[in-house]
Each structure stands twice: as structure tokens, then as C-alpha cells.
Amino acid sequence: MLALGQDEIAKYPFLADAGQYLKDQGFSLEQFGTDPDLKDLIKKAYQRILVAADGKIYKSDLDGDHVSKEAALPREVFSFLLAIVLLKLSGMHTLIKRFALAEARRAEKYLEKDLANISDESKNQLAIRVIDDLFSVQVEKSDGYFVIPVSDYLKHSINFHEREWKLINRHVENGQVFLSPHETVRLIRKELGTYINSKIINAKTPTMIPGFEDSVNKLVLLSKKFVTYTVTTGEYPPCIKHAIEILEKGENLPHSGRFMLASFLLSKGQTVQQVAPLFKNAPDYNERVTLYQLNHLAGTSGSGTQYSCPSCEKLKTQSLCFATSECDNIINPLQFGRKKK
Amino acid sequence: MQEADILFLEDSFKKYYFNHFDQIKVPERTSEREFGYQKFNSGMTRHISLKDDKELHLLLMQNIPSDVYCSNACYTFPNLPMNEKDWKEADLIFDIDAKDLNLSCRENHTVSICNDCNEVSKNLTQCSKCNSTKLEKKSLPCKNCIDASKIEVEKLSEVLINDLAITRENIQVYFSGNEGFHVYVYNSQFQEIGSRERSELTDYISLRGAIPETFGMKKFKQDRASFPDFNENGWRGRFSKYVFGSKSKRSKIITELLANGYSSFQKTLDNASENIGVKIDPNVTIDIHRIFRLPGSINSKSGLTKTHCDDLTNFDPYVEASFLSDDTVEVFANSPIEFKLKNKKFGPYLNEKVTVPTFAAVYMICKKLARIA
Ligand code: SF4
Ligand SMILES: [Zn+2]
Ligand SMILES: [Zn+2]
């Protein structure tokens, strides 16, 4: 991990090891719930989530590159770390996604500033190292430009649809692409969000801490606003409904479960394009791999044979079956809901 | 194809694999590759893994395949079904085929074989005997086809070397055995990129999807200084050489381009793409799970060998890729087009019984223009 100065942690709080940071500062989580001097930090954290949920970027106490007042500094990092604790306690994945995205936008601004900073080489180097460490994009400086290997560029730019991001519309020389600070940061935007998101998802959920309940409850209420549209309809069997729910919570569905879900929906006549978005919430989502696998299942690539949905018996052995009385007399989820005589 | 023809081809191919196994280039990391083969008149057998060239030799001698293939990808488990193979990386491969180059000579050396009555003719729209439109076309590529393909290979190498920093040693060119060339790029920064990334790369190489701004033309606030210089690197440089022609004409032509406006510039770009873009088959490059004809194996579309080109400029496939024997054989030939192999002219044959060397007989039988008498 990078060694970070105080300013840097405030700008890129997701780089800090949360537990270690609190310890270093001499605090425990419980203190924030009880200590009257620290309690309003929870409010601040809650605010930080609210702003993110609203699709806006949290306006920090940082003034340009520097902390406005020395005292504001730990507060800045604390509010981030506490926000994560609140989110974990609430268990609301829609909020986590929004929060991660907003925090990514915020960090993006600082990264760009740091890259463009010509007077302070160390700021420059830090931003370059953040990009390299987190996203394995090797950035090198060359005059006013940042150059990265064409292969690294492609891995990120293929997610963009604007024509100006096509390699042909880039300055390419000697196996490298030349970018401005803004473009360099823009290139890793999505990954920055994913990175922060996965850091939160992978953080341990603490048990409820006295003094945190109020904010957590408010978050649970708030998240109801953001329930996403699902493809679930009454006709789907319990196993399929269950799998969709898991994915929508952003939790991990085992490979066998993904296979069941995809083959089921494809057999029901949905297209690869319709099915693919379902997997977007998965913690290890990779669009390319997902599309490849779906196309393979659908028989539009490779062998050309369409895979069919596994039998109920098989799904039972994989602990994917959640049979109800409506499942009686069927041997395959595809038969669910069809009247039998 | 009739039984006697298959036996004859198998016999000729077997002799080749026995006598010329040294022609076969087994790829590095053999055990991580997927192999596949086809036999005459039967389907593809894929998902084969081989330890080394000895196992490959055995496979060739036992099965006498019509065609042999090997993946450009490396897998942990090359013999498992595709989604369980565990893809690691793949060499970058380009396919340049004369049939994609819109050459005017093509018509002169293409014949059609009627699926209904087997009539062979130079009429390419319908059968001249029974008027059926179910025609199979066979081309006997000429020197012009080969030369035009070579030019594309040169253009490709130039972009690979200058823009993408590939070293010349890591670019290997093979005659495909039929109508074009396969260009392999080894050990590049692109080994591990996926299909969509490769697709972007092919757009770059063929100068597709460019916007006017990239080459200096803006919608608003037009600016002479943003047009490329004559000696610039990359596509801007190649574009300016193509559009300006010479340094001295640059200024005058920029004035013209500006006067014609933005949308007309897009046409200039399309035109440049057509003329200076490298004509590669994008589908081949973006498929990272494909198996390719194995270098040194025989292409059953022609009986010629997929051959490494040390000296592309002087490479003559009809001399250097023909390895089959000179022993003569009697065939019924129906080849309205003449062709040259090993510096000998053959045909045209109009449904006649002729005695020709094995290599010429195989060529015609593979093209469905002859059968064993
Ligand atoms: S019985 Fe079949 S349809 Fe019902 S939950 Fe189990 S697997 Fe799904
Ligand atoms: Zn006919
Ligand atoms: Zn020709």
C-alpha cells in the first residue's frame, strides 16, 4: 500500500486501512456512538451518504489541495470511514453503490488536480502511483502528457462509446497513447467506482454499535426510494426468484446459480442483452466475460448448442432449490407454472 | 468428393507429413494449445491437447487429416470444453485474404461449380447448363492477387512496427495455403487483451471510425495549424502523405479542405480508410478462441502448404508452397482456367482425361475441378 500523508488520506480516504487508521488516531468505533464531542461525526457521515444518494458529490472541508483547518482533517477521514460503517450496518447495497460512485467522482477531481500540478512533482507522482497500484495502468510523464501502453488504454477505453475514445482518434506512438491529465483520470473513472464499491462490500460488518441505530434506520428507509426495477414476474419459480434477489443485493451468486439463472432466462426467450444487466451487481462483474459466457450458453458462439436449464434434481444437490408447493410434479424449473392435468 | 479422390488425397497428404514433417512449426508452449483437425468429408474434431511435436506427428500419421489447426491462445486445460479451458493469453493474428481486396482480376480466374448438375463454368451468376443459381465458386488466385496481398502485409507490418512498437522479429508471415497471408505477432503487449480490445485494435489498423477532429478538421473554430504535418508519425502522417501528396501542396490542399467543410472531410476520411487503411479481416483478429491452420500443414482447399515467408517480396507460393510429389497420375480435368505450379503451366482442360504430376492433380481435385480417372 502507498504511504500517505495527511492531506492525501483526506483526499483519497478509501486508500486507508480503516481499522488501522482509527487505532493510529487513538479512537474506537464505540466512542463515536457515545462521546458527545464525536457524535456529530456520525451525522456528518450520514450527510455524506445523503449527498451521494442524491447523485451529488460531497463537498468536503478541503480547500483546494490543503485542509482548511488542521482540526478538520481527521473529521474528513472519519466521516468517510463512519459512512462505510453505517452503510454496512444498514446492509443496503443500492446505497453502497451510489456512495461508491459519488466518492469516486470526488477522488477523480483530486487525482486530476494532482496530475496536472506542475509545481509539485510529489503530488504528480502520488497520483501516478495511485493509478498504477489500483488499476495497473502504467502512466509515464512525457512533457505535458501522460503516456500509457496501448494495451492498458484499450482495457479501459472499450467501456466508452464516444468516438473520440476510439484508439484511431488518439495520439498513438511507439506502442503508447498520449493523454491529458483529465483524460487519464477519466479513463479509470468506472474502475475507481468499482474499487471503492468492492472495498466497502468486502469490509467486515460490525455488530450494531450503540448510538449508530438512528442513522442506520434512516438509511434503511432512504434506500427504499432506490429499489431497482426487477425482471421478476409471478411466473418465475422460487429458485430463479431467489437467484435474482441475490444478484440485486450485489451479493455473490455461485457459478452454478448464474448458470441456472442465465440458461433459464435464455430458454424463456430473453436475449443475451436483456439478461446481461442482471449480473452487473455481482461483486466480480466483468462485462466481457459475462457476455462471452452468456453468448456461449445461448449458443450464439462456440459450439452453437444452446444449454438448457438444469433439472430440479440437479439444482437440489447444488442447494439452489427453494421449492414451494407450486413446484409439485415438475422436474425442471422451465415447467414451473404450466398447468398439468 | 468420390472415394477414389479421397484415397488419392489422403495418400498424397500422408507422404507429405511423412517426408516433410520438418515444415511443421509446432508453436511454443505446445501443451497449452488447443489442436483440432478435419478429415475428408467429415466434421471438425476439436479440443485436443498435445504434449509435443511427437504427439502431433502421431496424430497426423494416424488420422491423415485434410486440415490441421492450432489455437493462437494458451489455456490451462486446452482439452476441456470452451468455457472450462481457462483462457490465459493469445498471440495476435491477422488474416489478409485476396478475396477481400476487391481485385478486378478475380473475375478472370474464378469458376462456378453448379450444385445441381456439377457443370463447371466461368459464368458466376447462374449455371450455364441448367440455370441453377446454387453455385459454388472456386478461385485460382493469380500473381496479381498474391502481390496485392503482399502490399497489405507490408502496410500492416509498418503500422505494427512504427505505431505499436512491435519488433520485426516478433512478426511472422505465412502464406495461408490458398489466397492470402496470416501474420502472427508474438510476445507483444497485446497477448492478454480480450476480444473487444482486439476489435479496437483492428479498427485502428484499418483506419476505421476516425473523426475529422483527429486529422485537424473541426466543426467550429477552424484552425489550419491543427492539420497534420507531412512528417508526422502514425496515421496523421500517413493521412497527410496520402491527401497532400507532397509537402509543397499541403497549404493549398488545407485551404481546399477547409472550404469544402466538415461533412465533406468525413468523406475524405472514408476515402483514405478505403485506400490506405490495412485490409485485414477483423473477425479473425477478434476471435481469441479460434483455431488456425497449423503452419506447415496442407490446406485442403488447394493442396498447398501454409508456408513461412522469409523473404516476402520474392515469395512465390506456386513454387515455394507446393511440396507434393511429381509422380504422374491420370485425372478427368475440367478446369477452364489455366494455372501455374512449380513453374509449369497447366490447363485449360475442357472435360478431358489428362496425365499430370501429383501436385497439379491434388490442386485441381481440391478445387473440385478434377477427379481421379
Ligand atoms: S422445485 Fe424446481 S422450480 Fe421449484 S425451486 Fe426447486 S428447482 Fe426451482
Ligand atoms: Zn447446373
Ligand atoms: Zn488475381
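Along each chain, the written sequence defines residue order, and numbers are assigned to residues from 1. Chains and ligands are labelled by the order in which they are written, letters from A for the one and numbers from 1 for the other. Two thresholds apply to this predicted model, a pLDDT of at least 70 for residue-level local features and 80 or more for giving and counting side-chain atom pairs, whereas whole-chain, interface and lining totals are computed over all residues. Here the side-chain values reflect all heavy atoms present in the structure, with hydrogen atoms and water set aside.

## Focus on the coordination of the zinc ion (ligand 3)
Residue and element names in this part refer to chain B.
Line of reasoning, step 1. Distances decide who is a donor: an N, O or S atom must be within 2.8 Å of the metal, or within 3.2 Å for Na, K and Ca. Water is not included, so sites may look incomplete. The zinc ion (ligand 3) binds to the protein through Cys 105 (SG), His 109 (NE2), Cys 142 (SG) and Cys 145 (SG), with metal-donor distances spanning 2.1 to 2.3 Å.
Line of reasoning, step 2. By the criteria applied here, four donors are tetrahedral when all angles lie between 85 and 135 degrees, four are square planar and six octahedral when opposite donors are over 155 degrees apart and every other angle lies between 65 and 115, and any other arrangement is irregular. Bound by 4 donor atoms, the zinc ion (ligand 3) shows angles of 95 to 124° at the metal and therefore tetrahedral coordination geometry.
Line of reasoning, step 3. On the primary sequence, the residues serving as donors to the zinc ion (ligand 3) are separated as C-x3-H-x32-C-x2-C. Here Cys 105, found in the loop between strand S6 (92–97) and strand S7 (110–114), pairs with Cys 142, found in the loop between strand S9 (135–139) and helix H3 (143–162); they are 37 residues apart in sequence, far enough to count as distant. Secondary structure elements follow DSSP: runs of H or I of four or more residues count as helices, runs of E of two or more count as strands, with numbering from the N terminus.

## Re the site of ligand 1
Residues and elements named next belong to chain A.
Line of reasoning, step 1. Whether a residue is near a molecule or strand depends on its heavy atoms: if one lies within 4 Å, it is near. Neighbouring residues of ligand 1: Pro 237, Pro 238, Cys 239, Cys 312, Leu 315, Cys 321, Phe 322, Ala 323, Cys 327, Ile 330 and Pro 333.
Line of reasoning, step 2. Breaking the shell around ligand 1 down by element, the ones donating at least two residues are helix H12 (238–248) and helix H16 (312–317).
Line of reasoning, step 3. Any residue that is not Ala, Val, Leu, Ile, Met, Phe, Trp, Tyr, Cys, Pro, Asp, Glu, Lys or Arg is counted as polar, Gly included; the first ten are nonpolar and the last four charged. Broken down by class, the residue content of the shell around ligand 1 amounts to 11 nonpolar, no polar and no charged.

## Comments concerning the coordination of the zinc ion (ligand 2)
Residue and element names in this part refer to chain B.
Line of reasoning, step 1. Every protein donor of the zinc ion (ligand 2) is accounted for by Cys 114 (SG), Cys 117 (SG), Cys 127 (SG) and Cys 130 (SG), and the metal-donor separations fall at 2.2 to 2.3 Å.
Line of reasoning, step 2. Considering all 4 donor atoms around the zinc ion (ligand 2), angles at the metal cover 104 to 116° and the coordination shape is tetrahedral.
Line of reasoning, step 3. To sort residues, take the accessible area from a 1.4 Å probe on protein chains only and compare it with the maximum for the residue type: under 20% means buried, over 50% means exposed, and anything in between is partly exposed. Since its relative accessible area comes to 36%, Cys 130 is described here as partly exposed.

## Quick look at the pattern of salt bridges
All names here are of chain B.
Line of reasoning, step 1. Between Lys or Arg on one side and Asp or Glu on the other, a salt bridge is scored when a side-chain nitrogen of the former is within 4 Å of a carboxyl oxygen of the latter. The tally for this structure, following the rule as stated, stands at 38 salt bridges over all chains.
Line of reasoning, step 2. With its nearest N and O atoms 3.1 Å apart, the salt bridge here joins Glu 136 to Lys 368. With Glu 136 in strand S9 and Lys 368 in the loop between helix H10 (358–366) and strand S20 (370–372), this residue pair connects regions lying 232 residues apart in the sequence.
Line of reasoning, step 3. Take Glu 136: its relative accessible area is 24%, and that puts it in the partly exposed class.

## Re the domain arrangement of chain B
Line of reasoning, step 1. Each domain's extent was defined by an automatic or database domain assignment. Partitioning chain B into domains gives domain 1 (3–100 + 142–203 + 281–324), domain 2 (106–139), domain 3 (207–276) and domain 4 (325–373).
Line of reasoning, step 2. Once you take the C-alpha centre of each, domain 3 of chain B and domain 4 of chain B turn out to be 51 Å apart.

## What to know about the sheet that holds S20 of chain B
Residue and element names in this part refer to chain B.
Line of reasoning, step 1. Taking strand neighbours across the sheet as the criterion, the 3 strands line up as S19-S16-S20 in an open arrangement whose pairing is antiparallel. Two strands in the sheet have a free side with no partner beyond their single neighbour: strand S19 (349–357) and S20. The mean angle between the axes of side-by-side strands here comes to 30°, regardless of whether they run parallel or antiparallel.
Line of reasoning, step 2. Against the sheet, H10 touches strand S16 (328–335), S19 and S20, its axis set at about 140° to S19. Here, strands pair whenever DSSP counts at least two bridges between them. Axis geometry follows a simple rule: fit a line to the C-alpha atoms, using only the stretch in contact for helices, then measure angles between N-to-C directions, giving values from 0 to 180 degrees. When checking whether two residues touch, look at their non-hydrogen atoms; a contact exists if any pair is within 4.5 Å.

## Concerning the nonpolar core
If you look at soluble globular proteins, the nonpolar side chains tend to sit buried side by side.
Line of reasoning, step 1. By size, the foremost hydrophobic cluster in this structure holds 167 residues, and its most contacted members are Phe 14 and Phe 212 of chain A together with Leu 201, Ile 205 and Val 331 of chain B.
Line of reasoning, step 2. At 11 residues, the largest contribution of residues to this core is made by helix H5 (residues 72–90) of chain A.
Line of reasoning, step 3. The contact partners of Phe 14 of chain A, leaving out residues within four places of it in the chain, are Phe 80, Ala 107, Leu 134, Leu 192, Tyr 195, Ile 196 and Lys 199 of chain A.
Line of reasoning, step 4. Residues Ile 246, Leu 265, Cys 309 and Leu 320 of chain A belong to the second largest nonpolar core, which totals 26 residues. We define the nonpolar core as a collection of buried residues of types Ala, Val, Leu, Ile, Met, Phe, Trp, Tyr and Cys that are connected through side-chain atoms lying within 4.5 Å of one another.

## Here's the deal with the interface of chain A and chain B
In many reports, interface size means the accessible area that the parts give up when they come together.
Line of reasoning, step 1. Taken together, the contacts link 21 residues of chain A with 28 residues of chain B.
Line of reasoning, step 2. Computed with a 1.4 Å rolling probe, the buried area is the accessible surface lost when two parts are put together, summed over both parts. For the chain A and chain B pair, buried surface summed over both sides reaches about 2,400 Å², with 58% attributable to carbon and sulfur atoms.
Line of reasoning, step 3. Of all residues in chain A, Ile 158, Ile 168 and Arg 288 of chain A bury the most surface against chain B, accounting for 26% of the area lost on that side.
Line of reasoning, step 4. Scanning the region where chain A abuts chain B turns up 2 salt bridges.
Line of reasoning, step 5. Note that Asp 203 of chain B and Lys 166 of chain A form a salt bridge whose closest N and O atoms lie 2.6 Å from each other.
Line of reasoning, step 6. Whenever a nitrogen or oxygen atom comes within 3.5 Å of another N or O atom, the pair is scored as a polar contact, on the condition that within protein one atom can donate a hydrogen and the other can accept it, and that pairs from neighbouring residues in sequence are kept only if both atoms are in side chains. Scanning the region where chain A abuts chain B turns up 13 residue pairs in polar contact (both at pLDDT 80 or more).
Line of reasoning, step 7. Those elements giving two or more residues to the side of chain A that touches chain B turn out to be helix H8 (150–157), strand S5 (171–173) and helix H15 (287–298) of chain A.
Line of reasoning, step 8. Broken down by class, the residue content of the side of chain A that touches chain B amounts to 8 nonpolar, 6 polar and 7 charged.

## What about the sheet that holds S7 of chain B?
Residues and elements named next belong to chain B.
Line of reasoning, step 1. Ordered in space as S8-S7-S9, the 3 strands form an open sheet in which the pairing is antiparallel. A strand with exactly one partner marks an edge of an open sheet, and here the two such strands are strand S8 (120–121) and S9.
Line of reasoning, step 2. Bridge count between S7 and S8: 2 bridges; the pairing is antiparallel. What sits directly across from Ser 112, in S8, is Ser 121.

## A short note on the packing of H12 of chain A against helix H13 (residues 255–267) of chain A
Residue and element names in this part refer to chain A.
Line of reasoning, step 1. Remark: H12 packs on H13, axes separated minimally by 10 Å, with the N-to-C direction vectors making an angle of 115°. Considering only the axes of H12 and H13, their crossing is left-handed. In this structure, H12 contributes Cys 239, Ile 240, Ala 243, Ile 244 and Leu 247 to the contact, and H13 contributes Met 260, Leu 261 and Phe 264.
Line of reasoning, step 2. Class assignment of the residues belonging to the contact of H12 with H13 gives a composition of 8 nonpolar, no polar and no charged. Two helices cross in a left-handed way if the nearer one is turned anticlockwise from the farther one by less than a right angle. They cross in a right-handed way if the turn is clockwise.

## Quick look at the pairing of S7 of chain B
Residue and element names in this part refer to chain B.
Line of reasoning, step 1. With 5 of 5 residues buried, S7 is to be regarded as a mostly interior element.
Line of reasoning, step 2. Of the two faces of S7, the one carrying Thr 110, Ser 112 and Cys 114 and the one carrying Val 111 and Ile 113 are both buried.
Line of reasoning, step 3. Two strands pair when backbone bridges link them, and S7 and S9 are joined in this way by 5 bridges, in the antiparallel orientation. Looking at S9, one finds that Ser 112 is bridged to Lys 137.
Line of reasoning, step 4. Following S7, the chain reverses through 5 residues before pairing antiparallel with S8; Asn 118 in that reversal takes a positive phi of roughly 70°.

## Focus on the packing of aromatic side chains
Line of reasoning, step 1. The rule is short: rings of Phe, Tyr and Trp, with Trp giving its six-membered ring, pair when the centres are within 6.5 Å, and they are stacked under 30 degrees, edge-to-face over 60, tilted in between. Per the stated rule, a full pass over the model turns up 25 aromatic pairs over all chains.
Line of reasoning, step 2. Seen in terms of ring centroids, Tyr 236 of chain A and Phe 264 of chain A are 5.5 Å apart; in terms of plane orientation they differ by 90°. Their pairing is edge-to-face. Of this pair, Tyr 236 of chain A sits in the loop between helix H11 (213–224) and H12 while Phe 264 of chain A is found in helix H13, placing the two residues 28 residues apart along the sequence. Assigned by exposure class, Tyr 236 of chain A and Phe 264 of chain A land together as buried.
Line of reasoning, step 3. Through successive ring pairs, a cluster of aromatic residues spans Tyr 12, Phe 14, Phe 135 and Tyr 195 of chain A.
Line of reasoning, step 4. For a ring to carry a charge above it, either NZ of a lysine or CZ of an arginine must fall within 6 Å of the ring centroid while also lying within 35 degrees of the normal to the ring plane. Across the ring face of Tyr 75 of chain B, the terminal group of Lys 85 of chain B is positioned such that the distance to the ring centre comes to 5.6 Å.
Line of reasoning, step 5. A cation sits over an aromatic face here: Lys 241 of chain B above Phe 230 of chain B, 5.8 Å from the ring centre.

## A closer look at empty space enclosed by the protein
Residue and element names in this part refer to chain B.
Line of reasoning, step 1. Cavities and pockets are defined on a 1 Å grid built over the protein atoms alone: a cavity is a set of grid points where a 1.4 Å probe fits but cannot escape, while a pocket is an open set with protein on both sides within 12 Å along at least five of seven lines, and lining residues are those with an atom within 4 Å of any such point. Grid points are joined across faces, edges and corners, and a volume is the space filled by probe spheres set on the points. A complete count under the given rule lists 1 cavity of 30 Å³ or more for this structure.
Line of reasoning, step 2. Space inside the largest cavity adds up to approximately 120 Å³.
Line of reasoning, step 3. Contributing elements (two or more residues each) for the lining of the largest cavity: strand S3 (67–71) and strand S12 (291–293).
Line of reasoning, step 4. Taken together, the residues of the lining of the largest cavity sort by class into 8 nonpolar, 2 polar and 4 charged.

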